[in-house]
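A structural walkthrough
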Amino acid sequence: MSEHLVGVVVSHAAVAQALVAAVQGITGIDSALVGVSNEGCDYPAMTERLERALAGRRGVLFVDLPGGSCLTSAARYARGRDDVAIVTGVNLAMLLDFVFNRDVPPADAGRRAAAAGAKAIRVPAA
Amino acid sequence: MIKLFRIDDRLIHGQVVVGWGQPLGVGFIVLVDDEVRVSDWEQDLYRMGVPPEIEVIFASAAEAVERLAEWQADPRGGILLTGNIDAMATLCAGAGRVPAVNLGGMHHRAGRTERLRYVYLTADEAAKLRRLASTGVRVMAQDVPSARAIGLEEFL
């Protein structure tokens, strides 16, 4: 069996760590996600953090916003690579789906997670 | 006109677009960087972080010297960004017209020491800022508008 993907949540401030902790609390799975904050980083420093988080594994970078320093760092890191995919607009629902569906290529996992995250955005009737 | 001249090694990011862009009501952002100027891919990436109603202009340092007067005459408000002190110093020396420079983010790297939470500088970079200030340009550190603007003498 192929090695499962790792998810790296890339965010401003401590959003990433909070999302990772929430997924662990809900699922009990503690090895699927790593949080990376952009706090105090320029682009080379962010690249180092992403490299450490992935540690040579295949994975998906879950970025908070569809633009800005987190995405710029992630996109530079992942450019030209097929072992890393990027999804923006990270939310808890997409991460919960991801941790149970990591035995696929990164691009497929990214598309699936993005769809799961989008489905979770609703405006319930009052 | 350019409402904010900013040195920020992240270039276009949330603090710039939202933190400064919203209260200043900017209509355009000028990103001055020789490498980004010749990379369509990086330009697309930076545009993704900016709402469509804000124009993004990419310029080399030399082009910025030539075009600053044009941007200053623009009826829209603008932000001009460089990723390092050298590019801003080139602009100030070549074009004049820069009354104040905002030091918004220079992060930790080998050889730099912490001056403020978001400002790390080598001795050479600190000297460059002092030289810039000695030409009459007001140099202040301030990451977001709600923070206190800190004068050069307070952190060098």
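Look a little higher up for the structure.
Read on for a plain summary of the structure. Keep in mind that what you see is a predicted model, and the values were worked out from it rather than measured.

A word on unusual backbone geometry
A positive phi angle is found at A:A55, which is not glycine, with a value near 50°. Tracing the backbone through its elements, the reader meets A:A55 in the loop between α2 (43–54) and β3 (59–63). Of the residues examined, A:A55 has 9 C-beta atoms within 10 Å and is grouped as exposed. The phi torsion at B:L11 lies on the positive side, around 55°, for a residue other than glycine.

Here we look at helix α5 (residues 106–119) of chain A
All names here are of chain A. For α5, with 14 residues, the first-to-last C-alpha span of 20 Å sits near the 20 Å given by 1.5 Å per residue. Buried within α5 we find P106, A109, G110, A113, A114 and G117. Buried residues in α5, looked at end-on, bunch into an arc of 130°, giving them a common side. Facing away from the buried surface of α5 by more than 90 degrees, the exposed residues are A115, A118 and K119. Buried residues along α5 sit in contact with β3, β4 (84–88) and α4 (92–99).

A look at the packing of α4(A) against α5(A)
Residues and elements named next belong to chain A. It is the contact of α4 with α5, at a shortest axis distance of 7 Å, that shows an interaxial angle of 140°. With respect to α5, the element α4 is oriented oblique. The handedness of the crossing between α4 and α5 is right-handed. Contacts from A93, M94, D97 and F98 in α4 reach A109, R112, A113, A114, A116 and G117 in α5. Looking at the contact of α4 with α5 residue by residue, the classes come out as seven nonpolar, one polar and two charged.

Regarding the interface of chain A and chain B
Size of an interface: often given as the accessible area lost when the parts come together. Each partner contributes to the interface: chain A provides 14 residues, whereas chain B provides twelve residues. In terms of residue count, helix α3 (residues 69–78) of chain A provides more of the side of chain A that touches chain B than any other element does, four residues in total. Counted by class, the side of chain A that touches chain B contains seven nonpolar, six polar and one charged residues.

The rules behind the values
Residue numbers restart at each chain and count upward from 1, following the sequence in its written direction. Note on labels: chains are lettered from A, ligands numbered from 1, in written order. Per-residue local features are limited, in this predicted model, to residues with pLDDT of at least 70; the limit for side-chain atom pairs, both in listing and counting, is 80 or more; totals at the level of whole chains, interfaces and linings are taken over all residues. Helix numbering and strand numbering both begin at the N terminus, where a helix is a DSSP run of H or I of at least 4 residues and a strand a DSSP run of E of at least 2. The exposure scheme places C-beta atoms from the backbone and then counts, for each residue, the other C-beta atoms within 10 Å of its own, assigning buried at 20 or more, exposed at 12 or fewer, and partly exposed in between. Given the number of residues in a helix, its expected span is that number minus one, multiplied by 1.5 Å. By arc we mean the arc of the directions from the helix axis to the C-beta atoms, nothing more. In this description, any two residues whose backbone-derived C-beta atoms lie within 7 Å of each other are considered to be in contact. Note on method: axes are straight lines fitted to C-alpha atoms, helices fitted across the in-contact stretch only, with angles between N-to-C directions ranging 0 to 180 degrees. Each angle receives one of four descriptions, namely roughly parallel if under 35 degrees, roughly antiparallel if over 145, roughly perpendicular if within 65 to 115, and oblique otherwise. Helix crossings get a hand from a simple test, with the near helix turned counterclockwise from the far one by less than a right angle marking a left-handed crossing and a clockwise turn marking a right-handed one. Gly is put with the polar residues, along with every residue not named as nonpolar or charged; the nonpolar set is Ala, Val, Leu, Ile, Met, Phe, Trp, Tyr, Cys and Pro, and the charged set is Asp, Glu, Lys and Arg.

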